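Overview (structure and organization)
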Amino acid sequence: MLNTQQIIQEADRCVACGLCLPHCPTYHKTGSEADSPRGRIQLMSAVAREIVPANDRYKQHIDLCLSCRSCEAACPNGVRYGALIDTARAGVAKKPHVIDKITNHLVANPSQMRVASKVLRFTQNTGLMRLAGQLVPSLNKPIALLSNLQKTQTWREFYPAHSTNSSVTKKGKVSLFLGCISSAFDAETVRASVFVLNRLGFDVHIPLAQSCCGGLARQQGDAEQAKKTIAKNQAAFNSTLPVMTLASGCGAGLHDYTNLVVKDISHFLVNCDWSNINIAPLARDIVVHDPCTLRNVQKSHTSVYDLLNKIPQIKVNALSGNNQCCGGAGAYMLNQPEMADSLLNDKVSSLKKQKATLLATSNIGCALYIAAGLRAQNMAIEVVHPVTIIAKQLGYTDSLDCGSLHSNSLT
Ligand code: SF4
Ligand code: SF4
């Protein structure tokens with residue numbers, strides 16, 4: 001977070017060239033300068049200098065920003081827009097709503113998040129969730145995101161390199177960041193990641209004292225809560241080991257706010273030694289969605305294509321319009337439904353045009369949101385993490401306890 005003087009200094013580095021404007025989804029949609037990066041920077045500067053008040057209109061323009069940071073990636077002057085917007089959000093944060101408080105508490109406490117996930121699964125399986133949506137229509141949007149909840153999993157602290165195959169030669173060790181949402185709602189991606197890392201010769205350490213990356217709290221302007229979760233992670237992880245992140249949203253938060261060696265898992269894997277690794281062919285077209293955090297913050301999006309292209313016979317294509325956010329953006333999909341849905345519709349249209357049947361994306365938030373958009377349109381497109389695809393071609397069978405490689409590849 002920046003102090004007032006730092007906000008002014010950072011904003012002064014913006015020369016108002018406007019080169020970021022064509023990259024901004026909200027400016028593209030509204031056409032308003034106040035919804036552009038340049039306009040928002042000027043507003044933040046004016047508020048810091050006490051020239052304009054931080055009133056509701058100012059807050060609206062700050063809230064409508066997706067924090068996608070396309071502008072930051074495009075800026076020739078290297079203006080740190082991410083730091084500016086995080087600080088601006090903290091400055092206009094309202095007292096958290098009870099739902100925000102519960103969410104923040106759960107994401108900061110993984111064991112309680114797992115319990116909540118079990119309860120949600122129970123309500124889903126028994127029809128109570130649908131009933132809740134009928135009684136309280138405002139719950140329908142979050143409910144739509146949580147279709148087909150997976151069984152929760154308790155993680156061990158250590159998965160040795162040879163756990164998937166006794167003939168694996170150990171090449172090193174890594175830590176794994178679970179991510180509060182991935183761990184609770186997409187355990188398969190976590191299992192698949194451990195499988196691939198083990199298969200390539202890496203011991204995987206999962207520090208159980210780890211916490212959320214702080215992304216949701218930062219988005220709500222709760223700087224204190226974000227700081228607490230970051231401090232927990234800083235203490236939980238061994239700073240000498242590379243920390244694998246599976247969701248690029250988490251990767252971006254840890255990259256910006258810790259001094260840990262944070263690596264997006266696809267980027268790490270693509271640079272590993274793949275000699276003597278047998279990858280089953282997959283004769284399918286795969287469309288790849290680039291999450292903003294992977295593209296604009298971790299800047300590792302090309303690794304996903306390189307990783308998937310290791311699979312014989314695969315055809316990997318970029319989703320058209322990949323430089324634009326899907327509208328998910330953490331809690332944005334719930335708090336700014338109009339803009340979020342408009343951006344989601346663009347993705348769904350692109351997928352329709354490209355006749356996609358399988359979509360790979362490295363961020364759980366994007367995956368949940370796009371999958372919900374596809375279900376709403378009755379479009380049968382699988383949405384999976386790229387590492388899950390490669391894991392299946394390596395013989396992953398959705399269980400970490402399998403002692404041998406079985407053929408369970410995608411067909
Ligand atoms: S590209 Fe950078 S310097 Fe130019 S207007 Fe945007 S933020 Fe300012
Ligand atoms: S972060 Fe994204 S939405 Fe916000 S100003 Fe930059 S480009 Fe626009």
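All values reported here derive from a predicted model rather than from experimental measurement. (Residues numbered from 1 in each chain as written. Chains lettered and ligands numbered in written order. Predicted model: local features only at pLDDT ≥ 70, side-chain atom pairs only at ≥ 80, totals over all residues. Heavy atoms only, no water.)

A few words on the site of ligand 2. C24, R40, C65, C68 and C71 are the nearest of the 13 residues found near ligand 2. Listing elements by their share of the shell around ligand 2, those giving two or more residues are α2 (25-30), α3 (37-48) and α5 (70-74). Split into classes, the residues belonging to the shell around ligand 2 amount to 8 nonpolar, 3 polar and 2 charged. (Near = heavy atom within 4 Å. Helix = DSSP H or I, 4+ residues; strand = E, 2+ residues; numbered from the N terminus. Nonpolar A, V, L, I, M, F, W, Y, C, P; charged D, E, K, R; others polar.)

The next thing to look at is the environment of C326. You can see C326 is positioned in the loop between β7 (315-318) and α19 (332-335). Residues C326 and N345 lie 19 residues apart in sequence; the distance between their C-alpha atoms is 8.4 Å. Apart from the residues lying within four places of it in its own chain, the contact partners of C326 are H289, A340, L343, L344, K347, C366, Y369 and I370. (Contact = heavy atoms within 4.5 Å.)

The subject of this paragraph is the packing of aromatic side chains. What describes a pair of aromatic rings is the distance from one ring centre to the other and the angle between the planes of the rings. The tally for this structure, following the rule as stated, stands at 3 aromatic pairs. A ring pair is formed by F195 and Y396, whose centres lie 5.6 Å apart and whose planes are at 55°; its orientation type is tilted. Placement of F195 in helix α12 (residues 187-199) and of Y396 in the segment after α22 (386-393) is noted, with a sequence separation of 201 residues between them. The class of F195 is buried, set by a relative accessible area of 0%. A relative accessible area of 0% places Y396 in the buried class. Ring centres of F202 and F268 lie 5.1 Å apart, and the angle between their planes is 70°; this geometry places the pair in the edge-to-face category. Of this pair, F202 sits in strand β3 (residues 202-205) while F268 sits in helix α16 (residues 265-270), and the two are 66 residues apart along the sequence. (Phe/Tyr/Trp six-rings, centres within 6.5 Å; stacked < 30°, edge-to-face > 60°. Buried < 20%, exposed > 50% of the residue type's maximum accessible area, 1.4 Å probe, protein only.)

This paragraph deals with the site of ligand 1. Surveying the vicinity of ligand 1 reveals the residues C14, V15, A16, C17, G18, C20, R38, I41, C75 and P76. Class assignment of the residues belonging to the shell around ligand 1 gives a composition of 8 nonpolar, 1 polar and 1 charged.

Let us now look at the sheet that holds β3. Sheet strands pair by backbone hydrogen bonding; their relative direction is either parallel or antiparallel. Reading across the sheet, the 5 strands line up as β1-β3-β2-β4-β5 and stay open at both edges, with mixed pairing between neighbours. Since the sheet does not close on itself, it has two edges, and those belong to β1 (158-159) and β5 (262-264), each with one partner. By the bridge criterion, 2 bridges tie β1 to β3 in an arrangement that is antiparallel. From the neighbouring strand, Y159 faces β3, where its bridge partner is V204. Contacting β1, β2 (172-177), β3 and β4 (243-245), α12 runs over the sheet at an angle of about 145° to β3. (Pairing = 2+ DSSP bridges. Axes fitted to C-alpha atoms, helices over the stretch in contact; angles between N-to-C directions.)

What follows concerns a nonpolar patch on the surface. Residues F122, L128, L131, L135, V136 and L139 make up a contiguous nonpolar surface patch of about 550 Å² in total accessible area. Considering each element in turn, the nonpolar patch owes the most residues, 3 residues, to helix α9 (residues 128-135). Residue position: L139 is located in the loop between α9 and α10 (140-145). (Patch = residues over 30% accessible without salt bridge, like charges linked within 9 Å, V, L, I, M, F, W, Y side chains within 5 Å. Areas by Shrake-Rupley, 256 points an atom, 1.4 Å probe, with all protein chains shown as cover. Salt bridge = Lys/Arg side-chain N within 4 Å of Asp/Glu carboxyl O.)

To continue, consider the domain arrangement of the chain. The domain boundaries assigned to the chain delineate domain 1 (4-92) and domain 2 (285-393). Centre-to-centre separation of domain 1 and domain 2, based on C-alpha positions: 26 Å. Counting residues at the interface gives 13 residues for domain 1 and 14 residues for domain 2. Across the pair K29 and D346 runs a salt bridge, and its minimum N-O distance is 2.8 Å. Between the two partners, domain 1 and domain 2, sit 5 residue pairs in polar contact (both at pLDDT 80 or more). Among the elements that line the side of domain 1 that touches domain 2, the one with the most residues is α2, at 5 residues. Looking at side-chain class alone, the side of domain 1 that touches domain 2 contains 6 nonpolar, 4 polar and 3 charged residues. (Domains from an automatic or database assignment. Polar contact = N/O pair within 3.5 Å; in protein donor to acceptor, adjacent residues only side chain to side chain.)

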